[in-house]
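Architecture at a glance
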Amino acid sequence: QVQLVESGGALVQPGGSLRLSCAASGTIYRINSMGWYRRAPGKERELVAHIASGGTTIYADSVKGRFTISRDNAKKTLYLEMNNLKPEDTAIYYCTADIETSPYKGLLNYWGQGTQVTVSS
């Protein structure tokens, strides 16, 4: 079984920082792209950041310059560094990854359980 286990969500004051982590485990041959999505109250799920297997990144305009996505392939872990947090960043943050469980099967998409980030004074 493949699991994505997230950590790092918390309540933080505006202007503060957090680092989210997402560790992949289970029967994994290769992890392709990974990303972070979020769902804020009253909004649809939106892409926050995406990182390809080669390291190319994409960010939502709302987080450019404040968030940094990275990955440690040896640890099979995805990170999201969040700086200068704003109340509008409050959301459930979800980790996602496209994973091959063997070299003979195609990619399957997996999701973490979500972690709550609350930005409030």
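Below is a short write-up of the structure.

Scoring rules and cut-offs
Just so you know, the residues in each chain are numbered from 1, in the order the chain's sequence is written. It should be noted that, the model being predicted, local features are given only for residues of pLDDT at least 70 and side-chain atom pairs only at 80 or more, the latter also being counted only at that level, while totals for whole chains, interfaces and linings use all residues. Only heavy atoms go into the side-chain values, all of them from the structure, while hydrogens and water stay out. Two cysteine sulfurs form a disulfide in these notes if their separation is within 2.5 Å. We count a stretch as a helix when DSSP gives it H or I for four or more residues in a row; a strand needs E for two or more, and each element gets its number in order from the N terminus. Between rings of Phe, Tyr and Trp, where Trp is taken as its six-membered ring, a pair exists when centres lie within 6.5 Å; planes separated by under 30 degrees are stacked, by over 60 edge-to-face, and by other angles tilted. Both a distance and an angle decide whether a charge sits over a ring: NZ of Lys or CZ of Arg must be within 6 Å of the ring centre and within 35 degrees of the ring normal. Side-chain atoms within 4.5 Å link the members of a nonpolar core, which is a set of buried Ala, Val, Leu, Ile, Met, Phe, Trp, Tyr and Cys residues. The buried label goes to any residue with under 20% of its type's maximum accessible area, the exposed label to any with over 50%, and the partly exposed label to all in between, with areas taken from a 1.4 Å probe on protein chains only. Two residues qualify as a contact provided that any one of their heavy atoms is within 4.5 Å of a heavy atom in the partner residue.

Turning our eyes to something else, we now look at the state of the cysteines. Every disulfide links exactly two cysteines, by a covalent bond between their sulfur atoms. With the rule as written, the count across this model stands at 1 disulfide. Disulfide pairing is shown between Cys 22 and Cys 95; the S-S distance is 2.1 Å. Linking Cys 22 and Cys 95, the disulfide has an S-S dihedral of approximately -75° and is accordingly described as left-handed. Placement of Cys 22 in strand S3 (residues 18-25) and of Cys 95 in strand S9 (residues 91-100) is noted, with a sequence separation of 73 residues between them.

Here the focus is the packing of aromatic side chains. A full pass over the atoms with the stated rule returns 1 aromatic pair. For the cation-ring pair, Arg 45 lies above Tyr 37, with the distance from its terminal atom to the ring centre recorded as 5.2 Å.

Our focus in this paragraph is the nonpolar core. Where a protein is soluble and globular, its nonpolar side chains tend to be buried together. Judged by nonpolar contacts, the single largest core of 32 residues is most densely connected at Trp 36, Leu 80, Met 82 and Tyr 93. For this core, the secondary-structure elements that each account for two or more residues are S3, strand S4 (30-39), strand S5 (46-51), strand S7 (67-72), strand S8 (77-82), S9 and strand S11 (115-119). Examining the composition of this core, we find that 5 residues originate from one element, S9, more than from any other. Excluding anything up to four places from it in sequence, Tyr 93 contacts Glu 6, Leu 20, Trp 36, Tyr 37, Arg 38, Val 48, Phe 67, Leu 80, Met 82, Gly 114, Thr 115 and Val 117.

Right, let's talk about unusual backbone geometry for a bit. Even without glycine at this site, Lys 76 takes up a positive phi of about 55°. For Lys 76, a relative accessible area of 32% corresponds to the partly exposed category. Although it is not a glycine, Asn 84 sits at a positive phi angle of roughly 50°. Secondary-structure assignment places Asn 84 in the loop between S8 and S9.

The quantities given are spatial measurements derived from coordinates; they are silent on function.
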